[in-house]
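The primary structure of each chain is shown beneath.
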Amino acid sequence: MFPQRRMRRFRRTETLRRMVAETSLDVDDLIAPLFVNEILSEPLPIPSLPGVVQHSQDSLRAEVERLARLGVPAVVLFGVPARKDDTGSEASNPEGVIQLALGNLRDDVGDDVVLIADLCVDEYTDHGHCGVLGPSGGVDNDATLGLYADIAVAQADAGADLCAPSGMMDGQVIAIRDALDEAGHTDVAIMAYAAKYASSFYGPFRDAVDVTIAGGGDRKGYQQDYRNGREAIDEIALDLSEGADIVMVKPALAYLDVVAAARAITNVPIAAYHVSGEYAMIRAAAANGWIDGDAAMFEVITSIKRAGADLILTYFASEIAEALAR
Ligand code: PBG
């Protein structure tokens, strides 16, 4: 039997397709990740992330002003310090690279761009882990929470609108919430990297922040196992109970089932991080002429929205904003 409904009617013209489109990507959905390196006076390209640079303080300011003009509502900042140590102490230094950046950007753009500070120590520790090491050599969860609390207060003092803890320590959200509240920063929100997987797609990011995990190690002791989907729901529920204002799923593309499941259990904004390796794959294939890079960019980023994300952290933010403005 021929089906009663002809599905192709709405596919005939671009305007018909646009009229019935269920999902549309908007500049307001985008958060641009940006890197700032304390020792640079000129921006430095990151070879494994074509089109992305480590910024100097000055080039960061120019880039955020440009993003503001394009209407991108938010940036998330990652710092590369001049000095690393075993506790990542530069992360909470009031004069540290991110705190200086937050102060500058607040002066430049006021409230026109939401300033989000990634909150972790891996860029700041000499061993490259997201926390302090315990006697057994593993990351000591509870000893790390105090560091995160101090970093949150330093970031909020410097002008962050949101802190985004990415270290996957148990109890990190409540530790940060308590510290922020105690310091009078009740208005500073928390975007929790809630379901963050130990992923091979973070490779280029580690080049971007000059991180090598000591001894060829990995983060499987604290980040999630990619075989687990239901566990992500527990991670998200815990972060919500601890006071997370936004919950994030990371990476995005291999975890769209998790994004959709998260959407089904909560009404808080859901963020998804289209990570460095996901970006680099599209760039590499496009550079080889194997795929149409622009088309792939729109397809992938729109699919993340379709799966249920309200906010998408992506290295394509500026390109998408430019394309949408045309
Ligand atoms: C940890 C952190 C990582 C990323 C964001 N925050 C790396 C990691 O967990 O190893 C990865 C982002 C990306 O790959 O784009 N501070």
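Remember, it's a predicted structure, so these values are computed and weren't measured experimentally.

A. Looking closely at the nonpolar core. The biggest cluster of nonpolar side chains holds 102 residues, and the ones touching the most others in it are F35, V75, L77, Y148, M191 and I304. For this core, the element with the highest residue contribution is strand β7 (residues 189-196), accounting for seven residues. What I304 contacts, discounting residues up to four positions off in sequence, is A252, L256, V259, A272, H274, A309 and I312.

B. Inspection of the site of the ligand at higher detail. Near the ligand, the surroundings consist of 18 residues, among which R206, R219, K250, S276 and Y315 are the closest. A distance of 2.6 Å separates an oxygen atom of the ligand from a polar atom in the side chain of R206. Calculation on the ligand without its partners gives an accessible area of 400 Å², and the protein chains cover 100% of this total. Here the ligand occupies the largest cavity. Split into classes, the residues belonging to the shell around the ligand amount to eight nonpolar, three polar and seven charged.

C. Quick peek at the pattern of salt bridges. Tallied over the full model, the rule gives 15 salt bridges. A salt bridge links R219 to D122; its shortest N-O distance comes to 3.1 Å. Pair noted here: R219 is in the loop between α6 (203-208) and α7 (230-242) and D122 is in the loop between β5 (114-119) and α4 (141-158), with a separation of 97 residues, a long-range link. Residues R219 and D122 agree in their burial class; the two are buried. In this structure, the salt-bridge partner of D310 is R263, at a minimum N-O distance of 2.7 Å.

D. Seen up close, the environment of V36. Residue position: V36 is located in strand β1 (residues 30-37). Of the residues examined, V36 reaches a relative accessible area of 0% and is grouped as buried. Excluding its chain neighbours within four sequence positions, the residues that come into contact with V36 are H55, S56, Q57, L60, F78, G79, V80, V97, I98 and A101.

Thresholds, definitions, all that
Residues take numbers from 1 onward in each chain, read along the sequence in its written order. Given that the model is predicted, a residue must reach a pLDDT of at least 70 before its local features are reported, and side-chain atom pairs must reach 80 or more before they are shown or counted; all residues, however, enter totals for whole chains, interfaces and linings. Side-chain measures here rest on the full set of heavy atoms in the structure, leaving out hydrogens and waters. We define the nonpolar core as a collection of buried residues of types Ala, Val, Leu, Ile, Met, Phe, Trp, Tyr and Cys that are connected through side-chain atoms lying within 4.5 Å of one another. To sort residues, take the accessible area from a 1.4 Å probe on protein chains only and compare it with the maximum for the residue type: under 20% means buried, over 50% means exposed, and anything in between is partly exposed. Numbering of helices and strands starts at the N terminus; helices are DSSP runs of H or I of at least 4 residues and strands are runs of E of at least 2. Only heavy atoms enter the contact rule, under which two residues are in contact if any of them lie within 4.5 Å. For this description, a residue counts as near a given molecule or strand if any of its non-hydrogen atoms is within 4 Å of it. Pairs of N or O atoms within 3.5 Å make up the polar contacts considered here, provided that, within protein, one atom can donate a hydrogen while the other can accept it, and that residues adjacent in sequence are counted only when both atoms are side-chain atoms. The Shrake-Rupley method, run with a 1.4 Å probe sphere, supplies the accessible areas, and residue values consider only the shown protein chains as cover. Definitions used for this entry: grid spacing 1 Å over protein atoms alone; cavity, a set of points where a 1.4 Å probe fits but cannot get out; pocket, an open set with protein on both sides within 12 Å along at least 5 of 7 lines; lining residue, one with an atom within 4 Å of a point. Put plainly, a molecule is in a cavity or pocket when over half of its atoms are within 2 Å of the grid points there. Side-chain classes are defined by residue name, with Ala, Val, Leu, Ile, Met, Phe, Trp, Tyr, Cys and Pro counting as nonpolar, Asp, Glu, Lys and Arg as charged, and the others, Gly among them, as polar. Just to be clear on terms, a salt bridge is a Lys or Arg side-chain nitrogen sitting within 4 Å of an Asp or Glu carboxyl oxygen.

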